[in-house]
Amino acid sequence: MSENRALQRAHILANHILRSPPPLPSNLSLAREVCLQYSPPELSESFGGFDAKEMRRLLDGHNTEDRDWLYGLMMQSNLFNRKERGGKLFVSPDYNQTMEQQREITMRRIWYLLEKGVYRGWLTDSGPEAELRKLALLEVCGIYDHSLSIKLGVHFFLWGNAVKFFGTKRHHEKWLKNTEDYVVKGCFAMTELGHGSNVRGIETVTTYDPRTGEFVINTPCESAQKYWIGGAAKHATHTIVFSQLDINGTNQGVHAFIAQIRDEDGNICPNIRIADCGHKIGLNGVDNGRIWFDNLRIPRENLLNSVADVSPDGEYVSAIKDPDQRFGAFMAPLTSGRVTIASSAIYSAKVGLAIALRYSLSRRAFSVKANGPEVLLLDYPSHQRRLLPLLAKTYAMSFAANDLKMIYVKRTPETNKAIHVVSSGLKAVLTWHNMRTLQECREAVGGQGVKTENLVGQLKGEFDVQTTFEGDNNVLMQQVSKALFAEYVSCKKRNKPFKGLRLEHMNSARPVLPTQLSSSTLRCSQFQKNVFCLRERDLLERFTSEVAQLQGRGESRESSFLVNHELAEDLGKAFTEKAILQTVLDAEAKLPTGSLKDVLGLVRSMYALISIEEDPSFLRYGYLSRDNVGDVRREVSKLCGELRPHALALVTSFGIPDAFLGPIAFNWVEANAWSSV
């Protein structure tokens, strides 16, 4: 090796060790003007021509001021991991922490919010206004961290609501205020290793001992261990136990009991074993655990007895004699879980879209002309196609989630069935939409989506569980179809008009669609409503016909449902997407003529047409021709171009503070500069 070569290598190594830049070739200029610079999209993008604040009020639906108050509480506390990136403040969980650290900081955040009065009235106040405030604040918690909202949801909505709705005055007086103040920390032991969605099949067994006036709870086999119980592994002091109730050798079905699992010092109580479920793909701030009961004795008064009771001498009493109706009465109050999951899924999709679309309005790639400027990502039709239909769907589903919340907080015994069906469909469709949206957003921001601090990739793991907890989505869609089947058969048998489950459109003549679909026809709200109603009507008639044919050949109704599972899932989707469309139409109808109504009309048409394009049913069953489907596809592309100028205003209207988004949503150059290392 020559002396000059050796000196050159030594110089390079020295520079590397000292972290000093190598000398620049004399012919290379690094003048500032040739480097990429971040330009805020607000400087170049029009703001849509509509009032973003008014649009936000429409999207949030309720309690905007309460939401902003809670956003502020989080941003001002170091407990929420405040950090500066690219000259802006951000708050988000530190996902680099260990599982134990994440659990501990989640609990500390809960205490902080308790001290600030966030949970005031969550269980002790009643009425629609109190419930809507609670739902709004839980949604904000979920925007910050899904672990935080799930931990609160288990304590208040599962444990707390079980006490409130399954229990009676004696339980309310003893437990509700203490739950609201976190004197007790509750969890909810329904799921077992061997039974999840099939709650009727759970294997935990409870008997009654009339000599002592106590119930005795047992885990008879390993498959009966309570599994995935949020809060059980570390923090919970009490749990609701769902168990088969055996009275004098007769199984009275599933009932709910209160059991203490830890003392005030956090020690596990006798006759209880608890194990940790371990590290998960997300939600590691939630201490999921497994519970075994070994002849655990609890007072007779710990049976939640709004539906059924056991007298001191061991007599089983219930005003509801039919076991199926009794089971349904136990399950009805659990609808709140599906309501909160559906809503939180849409706020997660909003976070992903806000980050990905803001990034696409400042990040450039490739030039159309030689030596020309690079093109903004969102100016590529392909990029518009991947994000703007998802944006429109998220808008439409926001209105559907709000509608679901409103009918839930105003529920009556007469509306419980409809709420169960609508919440089942929306929980499935909205959580699937969230996962698809987050994946597309992750890919749309390229490698930046892999960084945890930019959120979109991390949120996939955090929210993936929503597709299976509180009911597996595929099972829920089949439940929707079974309910529609029962309603259809009942009305036909009694020769009565349809009334309920949003099937009233079937009392009118079958819609006839035009054979030629112009742009104005495709964007017509009546056409969109007709084609969605036609799909639901036809699929329901096909489903009932197929089931009836199988039953006529001796098959049971349940086995007939199983054979027709594909039709059932198509029908569940058709019912739910039609319900979503109707909520957008209702919101649009309330608006005066103007720019807000105009842009919402574009969003509604995009939602309707992309739903048609993505569902093979329209072509499979002949509702639309091949030429019609081609017309729909072209119209979706046109709508992408028309929504493009509104993109920034539409995500700004989400009302999510900048601090709750990822750094790449803003000055991604400065956030990654050497000075930030």
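Residues numbered from 1 in each chain as written. Predicted model: local features only at pLDDT ≥ 70, side-chain atom pairs only at ≥ 80, totals over all residues. Heavy atoms only, no water.

An unreviewed UniProt entry annotates the protein chain as Acyl-coenzyme A oxidase of Raphanus sativus. The protein chain has a UniProt comment under Cofactor (unreviewed entry) that states "FAD". According to the UniProt record, the Sequence similarities (unreviewed entry) comment for the protein chain is "Belongs to the acyl-CoA oxidase family." (UniProt positions renumbered as here; feature names shortened; annotations may be inferred.)

For the rest of this paragraph, the subject is the overall build of the protein chain. If you tally the helices and strands in the protein chain, you get 22 helices and 15 strands. Expected size for 677 residues packed as a compact globule is a radius of gyration near 26 Å; at 28 Å, the protein chain falls within 12% of this value. When its C-alpha atoms are laid out on the principal axes, the protein chain stretches across 100 × 70 × 55 Å. Taking all 677 residues of the protein chain together, the buried fraction comes to 55%. Contacts in the protein chain between residues at least 24 apart in sequence constitute 74% of all its contacts with a sequence separation of at least 6. If the 82 positive side-chain charges of the protein chain are averaged to one point and the 76 negative ones to another, these points end up 3 Å apart. (Helix = DSSP H or I, 4+ residues; strand = E, 2+ residues; numbered from the N terminus. Rg over C-alpha atoms; globule rule 2.2 N^0.38 Å. Buried < 20%, exposed > 50% of the residue type's maximum accessible area, 1.4 Å probe, protein only. Contact = heavy atoms within 4.5 Å. Lys, Arg positive; Asp, Glu negative; His and termini not counted. Charge placed at Lys NZ, Arg CZ, Asp CG, Glu CD.)

So, about the pattern of salt bridges. Scanning the entire structure with this criterion turns up 49 salt bridges. The salt bridge partner of Arg-523 is Glu-642, with a shortest N-O separation of 2.7 Å. Of the two residues, Arg-523 is situated in the loop between helix H14 (519-522) and helix H15 (525-552) and Glu-642 in helix H20 (residues 626-643); the sequence distance between them amounts to 119 residues. Here Arg-523 falls in the buried class, since its relative accessible area comes to 19%. Between Arg-620 and Asp-570 there is a salt bridge, and its shortest N-O distance comes to 3.4 Å. Taken as a pair, Arg-620 in helix H19 (residues 617-620) and Asp-570 in helix H17 (residues 565-589) lie far apart in primary sequence, 50 residues in all. Looking at Asp-570, the relative accessible area reads 19%, which means it is buried. Each of Arg-56, Asp-60, Arg-67, Asp-68, Glu-139 and Lys-405 takes part in a single network of salt bridges with overlapping partners. (Salt bridge = Lys/Arg side-chain N within 4 Å of Asp/Glu carboxyl O.)

Two measures describe an aromatic ring pair: the distance that separates the ring centres and the angle between the ring planes. The full count for this structure, using the stated rule, is 28 aromatic pairs. Ring geometry for Phe-532 versus Phe-618: centroids 6.3 Å apart, planes at 50 degrees, classification tilted. With Phe-532 in helix H15 and Phe-618 in helix H19, this residue pair connects regions lying 86 residues apart in the sequence. Both residues of the pair, Phe-532 and Phe-618, count as buried. For Arg-411, the ring lying beneath its charged end belongs to Tyr-408, and the centroid distance is 4.1 Å. Seen from the ring of Phe-532, Arg-535 lies directly overhead, with NZ or CZ sitting 5.0 Å from the centre. (Phe/Tyr/Trp six-rings, centres within 6.5 Å; stacked < 30°, edge-to-face > 60°. Lys NZ or Arg CZ within 6 Å of the ring centre and 35° of its normal.)

This brings us to the nonpolar core. If you look at the biggest cluster of nonpolar residues, it comprises 199 residues, and the most contacted ones within it are Ile-240 and Phe-242. For this core, the element with the highest residue contribution is helix H10 (residues 381-409), accounting for 14 residues. Taken domain by domain, the makeup of this core includes at least three residues from each of domain 1 (186-322) and domain 2 (330-494 + 517-660). Filtering out sequence-adjacent residues up to four positions away, Phe-242 remains in contact with Phe-166, Phe-188, Ala-189, Met-190, Glu-192, Ile-202, Thr-204, Lys-226, Val-254, His-255, Ala-256 and Met-331. (Core = buried A, V, L, I, M, F, W, Y, C linked by side-chain atoms within 4.5 Å. Domains from an automatic or database assignment.)

What follows is about the pairing of strand E8 (residues 250-260). The buried fraction of E8 is high, at eight of eleven residues. Examined bridge by bridge, strand E7 (residues 238-247) and E8 share nine bridges and lie antiparallel to one another. Each bridged residue has a counterpart across the sheet, and for Gln-244 the counterpart in E8 is Val-254. In this antiparallel pair of consecutive strands, E7 and E8, the connection spans two residues, and Asn-248 shows a positive phi of 55 degrees. (Pairing = 2+ DSSP bridges.)

Looking at the protein chain, the pLDDT average stands at 93 and 95% of residues meet or exceed 70. Confidence over residues 16-32 falls short of pLDDT 50; this stretch has eight contacts with residues more than four positions distant or in other chains. (pLDDT = per-residue confidence, 0-100.)

Following the UniProt record, one finds the feature "active site" (unreviewed entry) at Glu-470. Its place among the elements puts Glu-470 in the loop between helix H12 (456-463) and helix H13 (473-494). Judged by relative accessible area, Glu-470 falls into the partly exposed class, the value being 28%. With residues near it in sequence (within four places) discarded, Glu-470 still touches Leu-158, Leu-334, Gly-337, Arg-338, Ile-341, Lys-427 and Leu-476.

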